[in-house]
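Single-letter residue listing:
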Amino acid sequence: MEYYCAMVLTGKEKTVKDAALKALQDLCPTANCYTFERRLYTKKRGWFDAPLFPGYIFFMLESFTPQILEVLKKIKGFYHILRDNQNPTQIQGQALEELKLFIRNGEHWGISKVQFLPGQKIQAITGPLVGLEGNIIAVNKKKKQITVQSTLTNDGKRFDLLYEDVEVVE
């Protein structure tokens, strides 16, 4: 299987995902699409789910063909496959391993228990991110929130995650 990322209209990730699955059903019946949500809390909004990668969806395909691209381009809210439609870049290496971990743990993430030392790598030890390792960028103990840098994107996308409990890595 091959994995790709597509840029879509922010806020319409689920709509584009559903439309893509329906449109690809006959052309590529084994195709799947993924979006990921994390659980966040703010005093103003309370608990809510927010996209982990706003404006992006991930595809799993047997192979990326021009016919698949033509089908996707007709979906309202679809912009382009990354890097661009003429040069679709397959997700590989460490980024693919991270994506597969995300897929195994499901598209909706709760709160994870992590081990970390600020400025070093973190490792989730329970919850939806179990097994994920990433570079911790910032720690907000008051909000029980960490900022992690992902390897899935070339620009090193950063995202905030809540944690229930932390343990220092020995």
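Described below are features of the structure shown in this document. This structure is a prediction, so every number in the text was calculated from the model and none was measured.

Calculation criteria
- Residues numbered from 1 in each chain as written.
- Predicted model: local features only at pLDDT ≥ 70, side-chain atom pairs only at ≥ 80, totals over all residues.
- Heavy atoms only, no water.
- Helix = DSSP H or I, 4+ residues; strand = E, 2+ residues; numbered from the N terminus.
- Buried < 20%, exposed > 50% of the residue type's maximum accessible area, 1.4 Å probe, protein only.
- Contact = heavy atoms within 4.5 Å.
- Areas by Shrake-Rupley, 256 points an atom, 1.4 Å probe, with all protein chains shown as cover.
- Phe/Tyr/Trp six-rings, centres within 6.5 Å; stacked < 30°, edge-to-face > 60°.
- Lys, Arg positive; Asp, Glu negative; His and termini not counted.
- Salt bridge = Lys/Arg side-chain N within 4 Å of Asp/Glu carboxyl O.
- Polar contact = N/O pair within 3.5 Å; in protein donor to acceptor, adjacent residues only side chain to side chain.
- 1 Å grid on protein atoms, 1.4 Å probe; cavity = no way out; pocket = protein on both sides within 12 Å on 5 of 7 lines; lining within 4 Å.
- Points joined across faces, edges and corners; volume = space filled by probe spheres on them.

### Considering the overall build of the protein chain
Here is step 1 of the chain: A count of helical and extended segments in the protein chain gives 3 helices and 14 strands.
Here is step 2 of the chain: Relative to its 170 residues, the protein chain shows a buried fraction of 42%.
Here is step 3 of the chain: Once local pairs closer than 6 in sequence are excluded, the contacts in the protein chain between residues at least 24 apart make up 57%.
Here is step 4 of the chain: Within the structure as shown, the protein chain displays about 9700 Å² of accessible surface, and the carbon and sulfur contribution to it stands at 48%.

### Considering the packing of aromatic side chains
Here is step 1 of the chain: According to the stated counting rule, one finds 6 aromatic pairs in the structure shown.
Here is step 2 of the chain: Arranged with centres 5.5 Å apart and planes meeting at 75 degrees, the rings of F53 and F58 form a pair that is edge-to-face.
Here is step 3 of the chain: Judged by its relative accessible area of 4%, F53 is buried.
Here is step 4 of the chain: Among the residues examined, F58 registers a relative accessible area of 2% and is labelled buried.
Here is step 5 of the chain: On the basis of an interplanar angle of 35 degrees and a centroid distance of 6.2 Å, the ring pair of F53 and F102 is categorised as tilted. One end of the pair, F53, is in the loop between β4 (46–51) and β5 (56–61); the other, F102, is in helix α3 (residues 93–104), with 49 residues separating them in the sequence. For the pair F53 and F102, one class covers both residues: buried.

### Some details on the environment of V8
Here is step 1 of the chain: One can find V8 in strand β1 (residues 2–8).
Here is step 2 of the chain: V8 has contacts with E13, V16, G55, Y56, I57, G77, F78 and Y79, leaving out every residue within four places of it along the chain.

### Looking at the side chain of E13
Here is step 1 of the chain: Inspection of the secondary structure puts E13 in helix α1 (residues 13–24).
Here is step 2 of the chain: At 8.1 Å, K14 is the nearest oppositely charged side chain to E13, a buried residue that forms no salt bridge.
Here is step 3 of the chain: Within the structure, the side chain of E13 is placed 2.5 Å from the backbone nitrogen of G55, a separation counted as a polar contact.
Here is step 4 of the chain: Among residues more than four places away in sequence, those in contact with E13 are V8, T35, P51, F53, P54, G55, Y56 and I57.

### So, the layout of surface pockets
Here is step 1 of the chain: In this structure, the second largest pocket encloses a volume near 280 Å³.
Here is step 2 of the chain: Considering the residues around the second largest pocket, the lining is formed by R38, L40, Y41, T42, K43, W47, F48, K142, K143, Q145, D160 and L162.
Here is step 3 of the chain: Contributing elements (two or more residues each) for the lining of the second largest pocket: β3 (37–42), β4 and β14 (158–167).
Here is step 4 of the chain: If one sorts the elements of the lining of the second largest pocket by residue count, β3 sits on top with 4 residues.

### Brief notes about the pattern of salt bridges
Here is step 1 of the chain: Summed over all chains, the structure comprises 4 salt bridges.
Here is step 2 of the chain: One salt bridge connects R39 with D49, and the closest N-O pair in it is separated by 3.3 Å. Of this pair, R39 sits in strand β3 while D49 is found in strand β4, placing the two residues 10 residues apart along the sequence.
Here is step 3 of the chain: We classify R39 as partly exposed; its relative accessible area is 29%.
Here is step 4 of the chain: Residue D49 is classed as partly exposed on the basis of its relative accessible area of 40%.

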